[in-house]
Amino acid sequence: MSGFQVVVLWSDVLVWLLVAAGLGVGVLIAKSPPLLAAWRRVGANRVGMASATVLLAFIAVGLLDSLHYRLQLDGKPGQPAVYAIEVLSVLDALAAPLRTRNEKTYSAPFATRLYAKETIDLPGQGTVRDYPRLKYGGQHLGEREDEVAADAGFTAFKAGVLAFVGWLGVFGVVAAVNRKKRPNLKLRDAAFAWDAVLLTLLAMLLAVVPLFWLAGQYHVFGTDKVGQDVLYQILKSVRTGLIIGLVTTLVMLPMAVLLGIVAGYFRGWVDDLIQYLYTVLNSIPGVLLIAAAVLMMQVVIDSHPQWFSTAAERADLRLLALCFILGITSWTGLCRLLRGETLKLRELEYIQAAQAFGVSSWRIILRHILPNLMHIVIIALVMDFSGLVLAEAVLSYVGIGVDPTMTSFGTMINNARMELGREPAVWWSLAAAFSAMFVLVLAANLFADAVRDAFDPRAA
Amino acid sequence: MSDALLSVTDLRLGFMAGKRALPAVDGISFAISPGETFALLGESGCGKSATAQGIMRLLPAAGRMLGGRVVMDGQELLGLSEADMRAWRGGRMAMIFQEPATSLNPVLTVGRQIGEVLERHRGLTGAAATERMVELLRLVGIADPERRLTEYPFQLSGGMKQRVMIAIALAGEPELLIADEPTTALDVTVQAQILDLLAKIQVDRGMGMLLITHDLGVVARMAHRIGVMYAGELVEVASRQAFFTAPRHPYTQALFEALPDISRRGLRLNTIPGQVPALAAMPAGCRFADRCPQVMAICREQSPPWREVAGGHAVRCHWQGEAAANGRTGNAVTELDIDPGRAFLEVADLKVHFPIRKGLLQRTVGHVRAVDGVSLAIAASRTLALVGESGCGKTTVGKALLQLIQPSAGSVRLGGNELVGLKGRRLRSARRHMQMVFQDPFASLNPRLRVGEIIAEGMAALGIDTESASHAAAIAALLKQVGLPDEAAGRYPHEFSGGQRQRIAIARALAVQPELLICDEPTSALDVSVQAQILNLLKKLQAELGVAYLFITHNFAVVEYLAHDVAVMYLGRIVERGRAEEILRSPKHPYTQALLSAVPVPRLDHPTAIIRLPGETPSPANPPAGCHFHPRCPMAMDICRQAYPGVTELSPTHRVNCHLAG
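Residues numbered from 1 in each chain as written. Chains lettered and ligands numbered in written order. Predicted model: local features only at pLDDT ≥ 70, side-chain atom pairs only at ≥ 80, totals over all residues.

Participant: Just to check I follow, could you spell out the overall build of chain A for this structure?
Facilitator: When helices and strands are tallied, chain A shows 16 helices and five strands. Reported as C-alpha extents along the three principal axes, the dimensions of chain A are approximately 100 × 65 × 55 Å. Taking all 460 residues of chain A together, 38% fall into the buried category. Once local pairs closer than 6 in sequence are excluded, the contacts in chain A between residues at least 24 apart make up 71%. (Helix = DSSP H or I, 4+ residues; strand = E, 2+ residues; numbered from the N terminus. Buried ≥ 20, exposed ≤ 12 C-beta atoms within 10 Å, placed from the backbone. Contact = placed C-beta atoms within 7 Å.)

Participant: Would you mind going over the pairing of strand S4 (residues 63-72) of chain B with me for this structure?
Facilitator: Looking along a regular strand, one sees the side chains alternate between the two faces of the sheet. Residue and element names in this part refer to chain B. Across eight bridges, strand S1 (residues 6-17) lies against S4 in antiparallel orientation. Residue Thr9 lies in a different strand from S4, and its bridge partner there is Arg69. Of the strand pairs in this sheet, S4 and strand S5 (residues 75-76) are connected by two bridges, and their pairing is antiparallel. From the neighbouring strand, Met72 faces S5, where its bridge partner is Gln75. Here S4 hands over to S5 after two residues, with Asp73 in that stretch at a positive phi of 55 degrees. (Pairing = 2+ DSSP bridges.)

Participant: When you look at the sheet that holds strand S16 (residues 409-414) of chain B in this model, what are you seeing that I'm missing?
Facilitator: Sheet strands pair via backbone hydrogen bonds, and the direction of the pair is either parallel or antiparallel. Residues and elements named next belong to chain B. Spatially, S14-S13-S16-S17 is the arrangement adopted by the four strands of the open sheet, whose pairing is antiparallel. Two strands lie at the open edges of the sheet, namely strand S14 (363-379) and strand S17 (417-418), each paired on one side alone. Note that S16 and S17 share two bridges and pair antiparallel. Opposite Arg413, over in S17, you have Glu418 as the bridge partner.

Participant: Honestly, the environment of A:Ala391 in this entry has me stumped. Any pointers?
Facilitator: Looking at the secondary structure, you find A:Ala391 in helix H14 (residues 361-398). Expressed as a C-alpha distance, the spacing of A:Ala391 and A:Ile244, which sit 147 residues apart in the sequence, is 9.0 Å.

Participant: Where do I start with the confidence of the model for chain A in this structure?
Facilitator: Model confidence for chain A is summarised by a mean pLDDT of 85, while 98% of its residues fall at 70 or above. No element of chain A has a lower mean pLDDT than strand S4 (residues 118-122) of chain A, which averages 80, and none a higher one than helix H12 (residues 332-345) of chain A, which averages 92. (pLDDT = per-residue confidence, 0-100.)

Participant: Looking at this structure, I do not really get the environment of A:Ala443. What am I missing?
Facilitator: Residue and element names in this part refer to chain A. With respect to the helices and strands, the residue Ala443 is situated in helix H16 (residues 428-455). As a C-alpha pair, Ala443 and Gly340 span 103 residues in sequence and 29 Å in three-dimensional space. The contacts of Ala443, once residues within four sequence positions are left out, are Ser51, Val54 and Leu55.

Participant: It is not clear to me how helix H5 (residues 126-139) of chain B should be interpreted in this structure. Could you clarify?
Facilitator: Given 3.6 residues per turn, any residue in an α-helix points the same way as the ones three and four places further on. Residues and elements named next belong to chain B. Taking 1.5 Å per residue, 14 residues should reach 20 Å; H5 reaches 20 Å between its end C-alpha atoms and fits that length. Every buried residue belonging to H5 is among Ala129, Met133, Leu136 and Leu137, and all of these are buried. Down the axis, H5 shows its buried residues gathered within 95 degrees of arc, on one side only. In H5, those exposed residues whose orientation departs by more than 90 degrees from the buried face are Ala127, Ala128 and Glu131. In this structure, the buried residues of H5 make contact with helix H4 (110-122), helix H6 (145-149) and helix H7 (158-171). Gly141 sits one or two residues past H5 and shows a positive phi near 80 degrees. (Expected span 1.5 Å × (residues − 1). Arc of directions from axis to C-beta.)

Participant: Would you mind showing me how to read the sheet that holds S1(B) here?
Facilitator: With antiparallel pairing, the four strands of this open sheet are ordered in space as S2-S1-S4-S5 (chain B). Every other strand in the sheet has two partners, leaving strand S2 (20-32) and S5 of chain B as the edge strands with one partner each.

This is the structure we're talking about:
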């Protein structure tokens, strides 16, 4: 463990650019009272803030997984440093126990033995067929294998108490800060929905802290075919889902906004052209288009192995290609929406006043139309996110999604598919992927609802 | 009152804002007898509509009943269950709304919508219902009712929709009709028809009517008793006679004095300073105290009690005096002999035709002749009023002058330079000389820009004063000129009221120092008191800057007050033009005469008989042959059906297009 080399994947660049852009937009919002007021309304929405808390936790996992590096291999001094072929992320380092403690094959959650019988050589007793003991799961119990429930329950309780104490600390800090600003205001009545945030945080801490505590001793969600911990796979899937959800919108946004506004503002043949374009694009089955594009991309990647120094880079490029393709095929909806809204806006009197001053068309678009469309863009962004995470799962399931070496919710489900037919069924991989994705998408949807309510001009 | 049909006692209702209920209507009481029209009068935001919705129990989601009693025919309505209440709504009491275009369901036929009420409240279905529907439509004056029953709302004109709405309201044979601004969205000639209809029906059926309006003219024509609302309270209740002869509350008096009128030409209109207090910040004492010319110390401390000044005339005011000494005499200055000077804007035979396209290949099958040969001339420091009903093309004229809409033919000469056909930079520099003020102050300012940026936009686009220091000074000077504080430049439009927004729009237009300001109904979205402020401002600016106005409007009171010259437009053509006094005192065209007589006048003594125009303005896509006005003209002759009349010059300035004059 002497040194490491930072690896910057293309998707990492985009992720951190997105974070920077998000912060920048935040600063802009803080300067614009109407937008700030709308976001304040989001902040006052309890459901919205609860789901935002959950989303933030997912985003934190995704960001930790977006800092990549390669470890230096032990070499002789004086020779140039050699780095491991495996690209790791900060998340991998933090979850090292989960990553490294691989079993031989399937094992159920909280199991101490494998899920399949094997022939075991017992010294002096010949061979027996039995479920072999796991290398890591429940190892600390030794011979007391039947005490799993008691041990796990007690550990979870200890962790839960600890989580509660930690939460009390957070609660105290928040309450103190609020008290300082507004001495007589109860937290419940504050403009920002602190109560919802704190309660969600409590629920999350009570679930997550015991989970990870136990994960050190057991495979809480079991292991998959090659013995990898399912919990670790879920953590890795989060980043894939987020990138698909965010980078794709980044690809489609400029196209949708530009074409939508241009079509609506200039009308005439420009409008006709853009309308034909998205009508044609819309009438090609999306999966077909995506499948064709992904397969072509795969051929390109496979025939140029020299482009990639590691497998991670190759998988990363394929992920980005997928985002790009999804973006190309999914801009039509937002474009149509923005065209319609622009058609409405261009007839408004302040646009005509600007035209009467001879303000140029592009300046009118930038100053008068775009800012008044931003609420639609924001609503569309947040609502598309969950749809894209689901789309990735479907595409990976069909086999045209991300690289097979990359973990994603879709590949997890795809891998678990065959094992459902087994007797007894291997259900945990699917169940875990399903629940994690469900929580992520539900949180995103609820947050989108809150954003839509706050930005809806009819409600404001 | 024991014989009252409806009695409202101490009604209080409010709207939820967060966890607080802000009272929008605060303890109002009145009663309506059968056959009586009670008018609730007040400016926007005074709680008039909320009162009506409260009586019908149709408050929006945020609305809350805070107390009071609404008793109709011995039955307390506020305590009824929702199911029982439905039998009252539409059955015993019915409502007509302001906007006929949105109060009918566009996907149901007229028959279905009337039939719904008949079935629910009268139990009529099938042939009996159809028979009743035909009767109802005939009652509200719709020709060919059998055919109309099967038509959809989009096939009807605005006035016809309002008639259908009235038929629906009458279908349940209500004892009480609530009419919420029933004619505000209609043209004057149609408004006159609808008001006549309402008055006739009310007399025939002995209905009680609650009329909600902001228009003193409508009140004068319709109401028996009047309640004046201010900031959620009734401040004066009087009979029609007492209301128009001796209004007692300072607010009522101020409303009358803020009205523009021919007798006030050349004078400043009285305005009510400030604006209606916000719901969240109601003053403790009298709510009008901050804007009242007669304010006393006691007004700020306690809310005044009701005081009976005469039988049936009660007022809520500490001030005991009568009308403020109105020493102003009518201004009889005649302006006929003032030389208007040379015209600097000359419009000749301006035409704007919009093609109607049909079919797969979008072939042009006809033209909407929105503007069809309009000639105008405006001189510096003069105001030309372009008057007409909606759809006559007056706004299109304004936009075509600015080249916002490309004219199809004709010429617009500004100081000798032809504007039609100009492009790019030369058009831009020409635009410096004219600017536009729009109708809706809420749609004409970009909500995402600060006021300073809005005003600076024109200067930047036309390349005036690009230096930032002088920029800021110029903006401050403009704001001062239109009567807004300096610090307004850093704020956003939504922080201002309608009248203040209109001032900002005027400042924006003035920023490029235009010689002509095209004002497209700049006061029609504003309350009377605010309208007076804007009209005063426009007059002041004209005196200071010598700017000319093309004032596009349908409001004759404003024309009488402001205009030097008047042009009356009908269906894309100017039918009469001349000096304001010529047109207003001796109109020659039957259309002008009808328009003038249809305007509801806020006085008891209406001088002339009202000329009723049948029907509504035809479509400009398919104008009638001959004189466009002949189908509606009471004096149409044979020649009118054959040829469009030429210009007749009655005086050097007064010309009319009518066969009668020729």
